[in-house]
Amino acid sequence: MPALLEICGLTAGLQSRRAITPVVSNVDLDVQPGEILGVVGESGCGKSTLAAAIMRLLVTPQVLQSGSATLRIDDDKAYDLLNLSENDLRQLRWRHLSYIPQGSMNSLNPVLRVERQMTDALLQRGLSKKEASDRAIAALELVSLEARLLDSYPHELSGGMRQRVIIAAAVSMHPTLIVADEITTALDVVTQRQILQELAAIRDELGATIIIITHDMGVVAQIADRVAVMYAGEIVEVGSVSDIFQQPLHPYSQGLIASIPRESGQRVEGLPGEAPSPWNYPAGCRFHPRCPKVFGRCREHAPASQPQGPDRWVACHLYDQETASDD
Amino acid sequence: MTANSDATAGNSAADGQAAGRREVFQYALRRFGVYLFTLWAAITVAFFIFRLVPGDPMNILLGNLTRAEGRQRDAAAEEAIIARYRQIFGMDEPLPLQYVNYLRKAVLGGLDLGPSFVEYPAQTKDLVFRRMPWTLGIFTTSVLLAWLVGTGLGALIGWLQRSRLSQLAVVISTLLQITPVYLVALGLIIYIGYTWRILPAGGPYARHLQPEWTWEFISSLLTHAILPMLSNMIVIGAGFTLGMRALMISVLGEDYLTFARAKGLSPFTVLKDYAFRNALIPQVTALAIIVGATLNGTFIIEVLFQLPGLGTLFVQAMGLRDFNTMQAVVLFSIFAVLTLTLIVDLALPLLDPRIRRTA
């Protein structure tokens, strides 16, 4: 089956007066129809920039430098999201491409009622007032909210309710692809769990494909089918959730898995050091200063992403020999 | 009930609406209380401050009289005249009593603010009522027009913040905003009024006309009003433009704007419902603040353009230490400013649903 979304060489950075500082470098990623792909990484690793780049929602000084992201709809139509005109892209938004943003606290306009904010996009797509409001109510039901919330203003809702309203708004047109950016951050664990379950249910009911961006390995374990691990603006490992959790290949993934709290009394192992900022990405492998398994080549050459078995990719020199022997 | 209305989630819709209406009512009531208090405080301060200004009105009045009559000064007669006048103006009593009498007459006597010195025996009240339409006409019209133009222009240059034209507009507005209003007025008088003779530069209407409902008089009135209003508008409008631009730029960085764009709304809808709508709220508050801060500019403009408004009356009254008239001018200006501010304040909850709860 061809990928629903095929991201190729996506590079985005921060524009300053003189130069562009790369934040996301050369990301290649396939998203299969109907799956939930988790993109996981530390704060500042470029996950949100990646999401914004796919959604074409970068704001200055963020700029897209190169790359393509091909969205295939109904087998015959393909759109390169990164190079589509603003107007054509607007036709895809909400119908085929939806965005559930990070920071749900401020993503709703404080002075407009929920109904207005849920239906304005639908009305502009030619739905009647009745149809739009029916769809809004149906979408609210998907996230277990009552229809009377439509009359509320955002400040009258709790954080969890606001996040649900945003999810409902984003899925009201039954989109093909949903990009969800840190949607459970700043919510309590119980609400987090409920919202993730609702999101998984939405995928099952609407047949949507979801990219979920998070820093929380727990979220990935709970909801995702596949995982892409991001470090310092690059994808370092891709694989199914069970593969990555049971047998992480990249030392960074191993560190992330080891730092998940397990049973009580067992000490959590953290990763030493901190993630580099885009202004001083190290030469060679960007992870090498923190890597427990670092060796000579890591300091000079950046590792390329190589296949490791079916649907498994890793960018690490530890696995170089196998490729060399393949050659 | 209060606890219940806090947990909006658990309320029925009707309950919520009733609570909302009650909150709006309480808000209005509170605003009206503040309004009355401010009015009282202003008149009290005016009453005492003007009496601290050096110079006895009686002496000034008498000096003017003797100069006009050209007679020799007679000390005994002067004393008698001054005593008589003091009695008429109620100034023979101790200050606290004068204050109480003044308030009593003003409130209970149907706005009896005493006779004026400037045009004795005309009542101060009548004097002020005759002059007020000029001031209010020029002032309200120019501030409202400046607000409308400034808000529109500011929204536009904030939306197009990176274009050359909008950067140029920022520089020009900044220059205009820091220019004192009398310099702008003088510039307009000199160039447009005298050098190029495009518009009349002084007076309320052409000299040979009488106030009447004819087209000739009204058009003369309007053409004479253009320059005074323009001076006010240029300075105030530039401030409103800069303010609205800053508000737009900060709103453009909000998360809900990104979400609105992600919805695929047309750029016009994003501008109208998400950016402009939200930037407008502080801009309306700014209108309320500016209304109070720019009335004095209008007084200066009246003097420069020789308009028979409250400003010229105040300058006249000042020369005579005419307490009654000065107080009345202050009272009515404050009344006008407070009323405009109150209207703005009451309009705010209509724009911003959050105010109904927090105010």
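What counts as what
- Residues numbered from 1 in each chain as written.
- Chains lettered and ligands numbered in written order.
- Predicted model: local features only at pLDDT ≥ 70, side-chain atom pairs only at ≥ 80, totals over all residues.
- Heavy atoms only, no water.
- Helix = DSSP H or I, 4+ residues; strand = E, 2+ residues; numbered from the N terminus.
- Rg over C-alpha atoms; globule rule 2.2 N^0.38 Å.
- Buried < 20%, exposed > 50% of the residue type's maximum accessible area, 1.4 Å probe, protein only.
- Contact = heavy atoms within 4.5 Å.
- Areas by Shrake-Rupley, 256 points an atom, 1.4 Å probe, with all protein chains shown as cover.
- Lys, Arg positive; Asp, Glu negative; His and termini not counted.
- Charge placed at Lys NZ, Arg CZ, Asp CG, Glu CD.
- Phe/Tyr/Trp six-rings, centres within 6.5 Å; stacked < 30°, edge-to-face > 60°.
- Core = buried A, V, L, I, M, F, W, Y, C linked by side-chain atoms within 4.5 Å.
- Domains from an automatic or database assignment.
- Pairing = 2+ DSSP bridges.
- Axes fitted to C-alpha atoms, helices over the stretch in contact; angles between N-to-C directions.
- Buried area = accessible area lost by both parts, 1.4 Å probe.
- Salt bridge = Lys/Arg side-chain N within 4 Å of Asp/Glu carboxyl O.
- Polar contact = N/O pair within 3.5 Å; in protein donor to acceptor, adjacent residues only side chain to side chain.
- Nonpolar A, V, L, I, M, F, W, Y, C, P; charged D, E, K, R; others polar.
- pLDDT = per-residue confidence, 0-100.

A few points about the overall build of chain A
For step 1, the next point in the chain: Counting secondary structure elements, chain A contains 11 helices and 12 strands.
For step 2, the next point in the chain: Relative to the compact-globule value of 20 Å for 327 residues, chain A shows a C-alpha radius of gyration of 20 Å, a close match.
For step 3, the next point in the chain: Its C-alpha atoms give chain A principal-axis dimensions of about 65 × 50 × 45 Å.
For step 4, the next point in the chain: Burial analysis of chain A (327 residues in total) assigns 54% to the buried set.

Thoughts on the overall build of chain B
For step 1, the next point in the chain: Within chain B one finds 15 helices and 0 strands.
For step 2, the next point in the chain: A globule of 359 residues ought to have a C-alpha radius of gyration of about 21 Å, yet chain B, at 26 Å, is considerably larger.
For step 3, the next point in the chain: Along the three orthogonal principal directions, the C-alpha set of chain B runs to about 90 × 65 × 40 Å.
For step 4, the next point in the chain: For chain B, with 359 residues in total, the buried portion stands at 44%.
For step 5, the next point in the chain: Counted over contacts in chain B with a minimum sequence separation of 6, partners at least 24 positions apart contribute 74%.
For step 6, the next point in the chain: A total of about 18,700 Å² of accessible surface is found on chain B, and carbon and sulfur atoms cover 68% of it.
For step 7, the next point in the chain: Here chain B contributes 28 positive and 22 negative side-chain charges, whose respective centroids are spaced 8 Å apart.

Section: the packing of aromatic side chains
All names here are of chain B.
For step 1, the next point in the chain: A complete count under the given rule lists 16 aromatic pairs over all chains for this structure.
For step 2, the next point in the chain: Each ring, one from Phe129 and one from Phe332, has its centre 5.2 Å from the other, and the planes form 75°; the classification is edge-to-face. Of this pair, Phe129 sits in helix H6 (residues 124-159) while Phe332 sits in helix H14 (residues 323-351), and the two are 203 residues apart along the sequence.
For step 3, the next point in the chain: Since its relative accessible area comes to 40%, Phe129 is described here as partly exposed.
For step 4, the next point in the chain: The exposure class assigned to Phe332 is buried, which follows from its relative accessible area of 6%.
For step 5, the next point in the chain: Three or more aromatic residues link up through ring pairs in this structure, and these residues are Phe47, Phe48, Tyr99 and Tyr102.

Considerations on the nonpolar core
For step 1, the next point in the chain: The biggest cluster of nonpolar side chains holds 171 residues, and the ones touching the most others in it are Leu5, Leu10, Met118 and Ile212 of chain A.
For step 2, the next point in the chain: Mapped onto the domain boundaries, this core takes at least three residues apiece from domain 1 (5-96 + 175-326) and domain 2 (104-174) of chain A.
For step 3, the next point in the chain: Not counting residues within four places of it along the chain, the set of residues in contact with Leu10 of chain A comprises Val24, Ser25, Asn26, Val27, Leu50, Ala53, Ile54, Leu64, Ser66, Gly67 and Leu82 of chain A.
For step 4, the next point in the chain: Ranked by size, the runner-up nonpolar core spans 16 residues in total, among them Val184, Ala185, Ala225 and Leu307 of chain B.

Observations regarding the sheet that holds strand E10 (residues 234-240) of chain A
Residues and elements named next belong to chain A.
For step 1, the next point in the chain: Read across the sheet, 8 strands follow the order E6-E7-E8-E3-E9-E10-E12-E11 without closing on themselves; strand pairing throughout is mixed. Looking along the sheet, the strands with just one partner apiece sit at the ends: strand E6 (97-100) and strand E11 (306-307).
For step 2, the next point in the chain: In this structure, strand E7 (residues 177-181) lies alongside strand E8 (residues 209-214), joined through 5 bridges in parallel fashion. Directly across from Val179, in E8, lies its bridge partner Ile211.
For step 3, the next point in the chain: Sheet strands touched by helix H9 (residues 251-258): strand E9 (226-231) and E10. Its angle to E9, the strand with the most contacts, is close to 105°.

Quick notes on the interface of chain A and chain B
For step 1, the next point in the chain: On the side of chain B, 28 residues touch chain A, which itself brings 30 residues to the contact.
For step 2, the next point in the chain: Summing both sides of the interface, chain A and chain B together bury roughly 2,600 Å²; the carbon and sulfur share of this comes to 56%.
For step 3, the next point in the chain: The tally of links between chain A and chain B comes to 2 salt bridges.
For step 4, the next point in the chain: Linking Lys263 of chain B and Asp120 of chain A is a salt bridge whose minimum nitrogen-to-oxygen distance equals 3.4 Å.
For step 5, the next point in the chain: Summed over the shared surface of chain A and chain B, the number is 12 residue pairs in polar contact (both at pLDDT 80 or more).
For step 6, the next point in the chain: Looking at the side of chain A that touches chain B, the element that brings in the most residues is helix H3 (residues 114-124) of chain A, giving 5 residues.
For step 7, the next point in the chain: Looking at the side of chain A that touches chain B residue by residue, the classes come out as 15 nonpolar, 8 polar and 7 charged.

Here we look at the confidence of the model for chain B
Any region with low pLDDT has predicted coordinates that should not be read closely.
Residue and element names in this part refer to chain B.
For step 1, the next point in the chain: With 92% of its residues at a pLDDT of at least 70, chain B reaches an overall mean of 84.
For step 2, the next point in the chain: The least confident element of chain B is helix H1 (residues 2-6), whose mean pLDDT is 39; the most confident is helix H10 (residues 255-262), at 93.
For step 3, the next point in the chain: Counting contacts from residues 1-11, a segment whose pLDDT is below 50, to residues more than four positions away or on other chains yields 11 contacts.
For step 4, the next point in the chain: As a predicted assembly, this complex carries a pTM of 0.81 together with an ipTM value of 0.90.

Side note on the side chain of Thr135 of chain B
For step 1, the next point in the chain: As for its placement among the helices and strands, Thr135 of chain B is situated in helix H6.
For step 2, the next point in the chain: Setting aside residues up to four positions removed in sequence, Thr135 of chain B forms contacts with Leu295, Thr298, Phe299, Glu302, Gly309, Leu310 and Gly311 of chain B.

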